[in-house]
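# Architecture at a glance
The residues making up each chain are set out below.
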Amino acid sequence: MPSANDTKRITKTSLYSWVLFRNLHLQLIVVGVIVVTVVMRVVPLEMQKRIINEAIGMKDLPALYRYCALYFGAVTLAGVLKFVINLMQVHIGEKTLKTVRERLYAHLLSLPIQFYRRTSPGNVISYIITEFIPVATFIGQAVAVPVVNILTFIAMAGYMIHLNPTIGLISITLYPIEIIVLPRIQKYFRRANRRRIRHTQSLSGLVGEAVSGVHEVHSNASTPLEMGRFSKVLEKLYKATVMQNGLKFFIKFVNNFFMSLGPFVLFLIGGYYAIQGHFDVGAIVAFLSAYEKLYDPWKELMDFWQVYQDSSVRYKQIMRAFDHAPEHAQAIEGRDPLVLDNDIEIKNLSFVVGGNIRLLDNVSVSIKGGEHVALVGFSGSGKSTLALCVAQLYKYTSGSVMVGGHEVDDLSKQDISYNLGMVAQAPFIFDGTVRANLLYSCQSLALQGGSCTESGEEPDLDTLIKITQQVGLFTDILAFALRARLENGEHEELRKSIVASRREFQEGETGMFADVADKIEFFDLDDYSRYMSVAENIAFGSAVDEEFDQEHLHNQPKFIEFLENHNLMAHLVVLGETLARVITDELGPEPNHDDFKNCPIPEAEYRDYQRAANRLDSGEPLSPEEKGLILKLALGFIPGIHDQMELDPGFANRVVVSRQDFISLVKEHFPDAFSFFEPDKYIESLNIQDNILFGRVRADAPGAEEEIYQRIMQALIMEGALEPVAEMGLAFEVGSMGDRLSGGQRQKIALARTFLKAPSILILDEATAALDNKSQGRVQNIITNNMKGVSTVLAVIHRLDMLPYYDKVVVLKAGKVVEQGGYEELLAKKGALYTLIHGKEE
């Protein structure tokens, strides 16, 4: 029979309902272990009494050995059993917490979009991750701690009464007084704890908001404003935490005070009885040990009570925060997702938000299966809202949206997802690889019983390459791979293919890729390269050992000595000083992040260079560290990219002349520090692209990069190496929320993963807004040529020149449909669409 927690909404469950949830057999085992443990705790007390009275008092050596062995055995067994109990508590608590988190996370994902518009991501994260930790502790302890401590209390109290009823009863009567005092203090403690939790959540939300909006903070230089808000909340949290801890320590003080009263009673009354000969020394020792153990359960129960109060407050707050019903069922039990026809009928649709604002007002649109319909209108006209209502992302207020004869509001999420694909203007990209993001929709579809391929398998590499080429993403995937380096010992066959493909490029204007030869600066031992750094030019190679890389080379004594011996140092110092002065003068005291594009000074080190430049201007001597910075700046200067100044030709000639000497120096003293640019070997320190080209793409050749990517792709195909390179590009880690991708790349991934799914209904909400015109045209051609008559397309359009591709145009204004029909038909009417395109009515 299923538990109530299996059928209830997670937010309607109580904290205690999880204590026995699928854990009854484990909790019974814990109780059994506890009973044995309590018995083992009483045995050492009796052994203490007998050791003193019988073994020592009677000078009985065998009895001493026997009682000590029993004492040691009981203590050891009790310790082992306590360890077992603790392990089982942790297992029960964490296992249950795992279930609760899974259920709550599933519930969160089913909540409507509007919930997340008014809920801080920081609060959601804090609730799910941090605030639940004490809950696991409580669930694990909920049976074990009360049982073990109540039984221990009873056993110790009984043993004390057995030793001396009078002293035992007097000692036990101290506890009711403590029971009266402590709850009153704990009442204030709970209030303080609630305030602390509330301020912690506020602080978490504030930090999450600032991190998410860090671009806005930077662009407004609003760090002082954000620090002010942060400090106010932090001050409240500080006061609440101090108050909570103060009350916690006061509770401990009261506990310790009552604990000290017990020995006082024993020594006073027990001492009297001992003097009178009615109480022996062994009994006093056993009584004192029993009293100390009598307090332990009480102390642990008080701690447990605090854990319960803390957990109860947190659990209720978490469940109250998420106690919203999902608007639509995730799935319908007992049936597979429906396969719907792709006609859409929208009748008298209205969507009303707070304050009776009608974002949609009696909208009616009829779309035949396979028809492509464009939604247009000025900003705020309701285009995206209409698309989101059809996609079941918004729950409409009134009216009807029928898909394949079924009301959208009555369908499950799986019914919608099985038949519909959507690409938003700002699609979300998950942390992980490009491949994982491309396959996201297909993997979800597979869990619903569907598939993106006829075979039922995941799309293979050829399919991924085809789809990404269609949306213009494959060039980006290739770029991700070409910027990567191969690790030592990896991809031996690919290395050989790269070196082989290099030869076609090295033939220059007489080779197969002559059309791009003038856009590449090839590595030449006898020429200074404008697209290599000064350090790379000196070495005619690049560092493999990080002690010789761009960050550390200027600290190498042998390298400094080489520069001095070849008359390069003086010019490098002048070059570095001039760059520091020119750049800091040009960028000023507060440069923006974008100012560091094509700048040889890293943004993180700008303040250091600013101080060095100020010292140079004032004629002050530089510190050794600043001299190192100046030399590092000069060694990192790339004339073809850094246009702050020109490189002296005479210096460039001296660098070329010194190369062979440097190569000899490295081979003699640091044989594994550099990889040199040799035309017939794979160069470990370079990325794949530079290895193939054996050179660098010129920055002064507009559009060269895409042309060169195409030629590299041809070269890799000829060598049979395109697939392993594509695999590397697909394995590129996109970062949190796709932050390592551009807006256009994110949209291309979203389009590609939806095209892989091949839905019968496709909704596009300005899905190409971040793409350039060429890419937009490519995507529109794919939609028109491959989907017209097959998939129904409902597209919110921002580029009106794309409207001729659509069968029907729906024009909205202030939430109402003002006209709809064919593109040419509406233009001929010279109504709303004509006004939208030409900006005036006729």
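Owing to the predicted nature of the structure, the values given are computational and were not obtained by experimental measurement.

## Re the overall build of the protein chain
Scanning the protein chain for helices and strands turns up 33 helices and 14 strands. Here the C-alpha atoms of the protein chain give a radius of gyration of 38 Å, more than 25% beyond the 28 Å that 2.2 N^0.38 yields for 842 residues. For the protein chain, the spread of C-alpha atoms along the three principal axes comes to 120 × 85 × 55 Å. Surface exposure of the protein chain reaches about 41,200 Å², of which carbon and sulfur atoms provide 56%.

## Points about the pattern of salt bridges
Under the counting rule described, the total for this entry stands at 34 salt bridges. A salt bridge links R435 to E727; the nearest nitrogen and oxygen atoms lie 2.5 Å apart. In this pair, R435 sits in helix α15 (residues 434-438) while E727 sits in helix α29 (residues 722-730), placing the two residues 292 residues apart along the sequence. The exposure class assigned to E727 is partly exposed, which follows from its relative accessible area of 34%. Here K788 and D807 are joined by a salt bridge, their closest N and O atoms 3.5 Å apart. You can see K788 sitting in the loop between α31 (773-787) and β12 (792-796) and its partner D807 sitting in the loop between β12 and β13 (808-813), a full 19 residues away along the chain. Residue classification places D807 among the partly exposed residues on the basis of a relative accessible area of 34%.

## A short note on the environment of Q710
Tracing the backbone shows Q710 in helix α28 (residues 704-718). The class for Q710 is partly exposed, based on a relative accessible area of 30%. In this structure, the C-alpha to C-alpha distance between Q710 and Q186, residues 524 residues apart in sequence, is 72 Å.

## Remarks on helix α7 (residues 144-163)
The end-to-end C-alpha distance of α7, which contains 20 residues, comes to 28 Å, matching closely the 28 Å that a straight helix rising 1.5 Å per residue would cover. All of the buried residues in α7 are A144, V145, P146, V148, N149, T152, A155, M156, A157, Y159, M160 and L163.

## Digging into helix α13 (residues 383-390)
Judged by how many residues are buried, α13 sits mostly within the fold: seven of eight residues are covered. Within α13 the residues assigned to the buried category are K383, T385, L386, A387, L388, C389 and V390. Looking one or two places after α13, you find Q392, whose phi comes out positive at around 65°.

## Some words on the state of the cysteines
Tallied over the full model, the rule gives one disulfide. Sulfur-sulfur distance for the disulfide between C442 and C452 comes to 2.2 Å. With the S-S bond torsion at -105°, the cross-link from C442 to C452 turns out left-handed. One end of the pair, C442, is in helix α16 (residues 440-447); the other, C452, is in the loop between α16 and α17 (461-470), and ten residues separate them in sequence. Grouping residues by exposure puts C442 and C452 together as buried.

## Observations regarding the sheet that holds strand β5 (residues 406-407)
Taken in spatial order, the four strands make up an open sheet running β2-β1-β4-β5, and their pairing is antiparallel. The strands lining the two open edges of the sheet, one partner per strand, are β2 (357-367) and β5. Lying over the sheet, α13 contacts β1 (344-353), β2 and β4 (398-403), oriented at roughly 115° with respect to β1.

## Comments concerning the packing of helix α18 (residues 474-482) against α28
Viewed as axis vectors pointing N to C, α18 and α28 meet at an angle of 75°, and their least axial separation amounts to 10 Å. Between α18 and α28, the interaxial angle falls into the category roughly perpendicular. Counted together, F474, T475, L478, A479 and L482 of α18 and E706, Y709, Q710, I712, M713 and L716 of α28 form the full contact between these two elements. Along the lines of polarity and charge, the residues of the contact of α18 with α28 split into eight nonpolar, two polar and one charged.

## A word on the packing of aromatic side chains
A full pass over the atoms with the stated rule returns 24 aromatic pairs. Judged by centre distance (5.5 Å) and plane angle (45°), the ring pair of W305 and Y308 falls under tilted. Here W305 and its partner Y308 are both found in helix α12 (residues 281-321), three residues apart, which amounts to about one turn of the helix. Ring centres 6.3 Å apart and planes at 15° place the aromatic pair F674 and F676 in the stacked group. Taken individually, F674 and F676 each receive the classification buried, so the pair is uniform in this respect. Connected via pairs of aromatic rings, a cluster forms that spans F548, F559, F562, F662, F670, F674 and F676. The side chain of R66 reaches across the aromatic face of Y67, ending 5.2 Å from its centre.

## Observations concerning the side chain of R799
When you line up the elements, R799 lands in the loop between β12 and β13. Only 2.5 Å separates the side chain of R799 from the side chain of D801, close enough to count as a polar contact. Once residues within four sequence positions are removed from consideration, R799 is found in contact with N773 and Q776.

## A word on the environment of I538
Tracing the sequence through the fold places I538 in helix α21 (residues 534-539). For the pair I538 and I663, spaced 125 residues apart in sequence, the C-alpha to C-alpha distance is 9.0 Å. The residues touching I538, leaving out its near neighbours within four places in the chain, are F559, F562, L563, L568, L635, V655, R659 and F662.

## Some words on the packing of helix α2 (residues 24-56) against α7
Contact geometry of α2 with α7 gives a least axis separation of 9 Å together with a crossing angle of 25°. By the angle between their axes, α2 is roughly parallel relative to α7. The handedness of the crossing between α2 and α7 comes out as right-handed. Side by side, α2 and α7 meet where V30, V31, I34, V35, V38, R41, V42, L45, E46 and K49 of the first sit next to A144, V147, V148, L151, T152, A155, M156, Y159 and L163 of the second. Considered class by class, the residues forming the contact of α2 with α7 number 15 nonpolar, one polar and three charged.

## Remarks on a nonpolar patch on the surface
On the surface, a cluster of nonpolar side chains totalling about 410 Å² of accessible area is made up of V35, V39, I150, L151 and I154. Contributions of two or more residues to the nonpolar patch are made by α2 and α7. No other element matches the three residues that α7 contributes to the nonpolar patch. On the basis of relative accessible area, I150 is assigned to the partly exposed category, the value being 44%.

## Focus: a negative patch on the surface
A surface patch of negative charge is lined by E586, D594, D595, E603 and D643. With respect to the helices and strands, the residue D595 is situated in the loop between α23 (569-587) and α24 (606-618). According to the relative accessible area criterion, D595 is partly exposed, its value standing at 32%.

## Here's the deal with the nonpolar core
Residues V434, L438, F505, L751, F755, L764 and L833 are the most contacted members of the largest nonpolar core, which totals 80 residues. Core analysis: the next-biggest nonpolar cluster, separate from the first, contains 46 residues, Y528, F559, L622 and F674 among them.

## Looking at unusual backbone geometry
Look at N567: it is not a glycine, yet its phi comes out positive at around 55°. Looking at the secondary structure, you find N567 in the loop between α22 (557-565) and α23. With phi around 55°, K830 is a residue other than glycine that occupies positive phi space. Among the secondary structure elements, K830 is positioned in the loop between α32 (823-829) and α33 (832-838).

## Observations concerning the confidence of the model for the protein chain
Per-residue confidence for the protein chain gives a mean pLDDT of 86; residues scoring 70 or more make up 93%. Per-element confidence in the protein chain is highest for β12, whose mean pLDDT is 95, and lowest for helix α8 (residues 165-172), whose mean pLDDT is 69.

## What about the side chain of S350?
For S350, the position within the fold is in strand β1. Within the structure, the side chain of S350 is placed 3.1 Å from the side chain of R358, a separation counted as a polar contact. With residues up to four places along the chain from it excluded, the contact list for S350 reads R358, L360, D361, N362, Y396, T397 and S398.

## Description of the sheet that holds strand β3 (residues 372-377)
A sheet is described by the order of its strands in space; here six strands give the open sequence β6-β11-β12-β3-β13-β14, paired in mixed fashion. Lying at the two open borders of the sheet, with one neighbouring strand each, are β6 (420-423) and β14 (816-821). Within the sheet, the average angular offset between the axes of one strand and its neighbour, ignoring direction, is 15°. Sitting on the sheet, helix α30 (residues 743-757) touches β6 and β11 (761-765), and the angle it makes with β6 is about 170°.

What counts, and where the lines are drawn
- Residues numbered from 1 in each chain as written.
- Predicted model: local features only at pLDDT ≥ 70, side-chain atom pairs only at ≥ 80, totals over all residues.
- Heavy atoms only, no water.
- Helix = DSSP H or I, 4+ residues; strand = E, 2+ residues; numbered from the N terminus.
- Rg over C-alpha atoms; globule rule 2.2 N^0.38 Å.
- Areas by Shrake-Rupley, 256 points an atom, 1.4 Å probe, with all protein chains shown as cover.
- Salt bridge = Lys/Arg side-chain N within 4 Å of Asp/Glu carboxyl O.
- Buried < 20%, exposed > 50% of the residue type's maximum accessible area, 1.4 Å probe, protein only.
- Expected span 1.5 Å × (residues − 1).
- Disulfide = S-S within 2.5 Å.
- Pairing = 2+ DSSP bridges.
- Contact = heavy atoms within 4.5 Å.
- Axes fitted to C-alpha atoms, helices over the stretch in contact; angles between N-to-C directions.
- Parallel < 35°, antiparallel > 145°, perpendicular 65-115°, else oblique.
- Nonpolar A, V, L, I, M, F, W, Y, C, P; charged D, E, K, R; others polar.
- Phe/Tyr/Trp six-rings, centres within 6.5 Å; stacked < 30°, edge-to-face > 60°.
- Lys NZ or Arg CZ within 6 Å of the ring centre and 35° of its normal.
- Polar contact = N/O pair within 3.5 Å; in protein donor to acceptor, adjacent residues only side chain to side chain.
- Left-handed = near helix turned anticlockwise from the far one by under 90°.
- Patch = residues over 30% accessible without salt bridge, like charges linked within 9 Å, V, L, I, M, F, W, Y side chains within 5 Å.
- Lys, Arg positive; Asp, Glu negative; His and termini not counted.
- Charge placed at Lys NZ, Arg CZ, Asp CG, Glu CD.
- Core = buried A, V, L, I, M, F, W, Y, C linked by side-chain atoms within 4.5 Å.
- pLDDT = per-residue confidence, 0-100.

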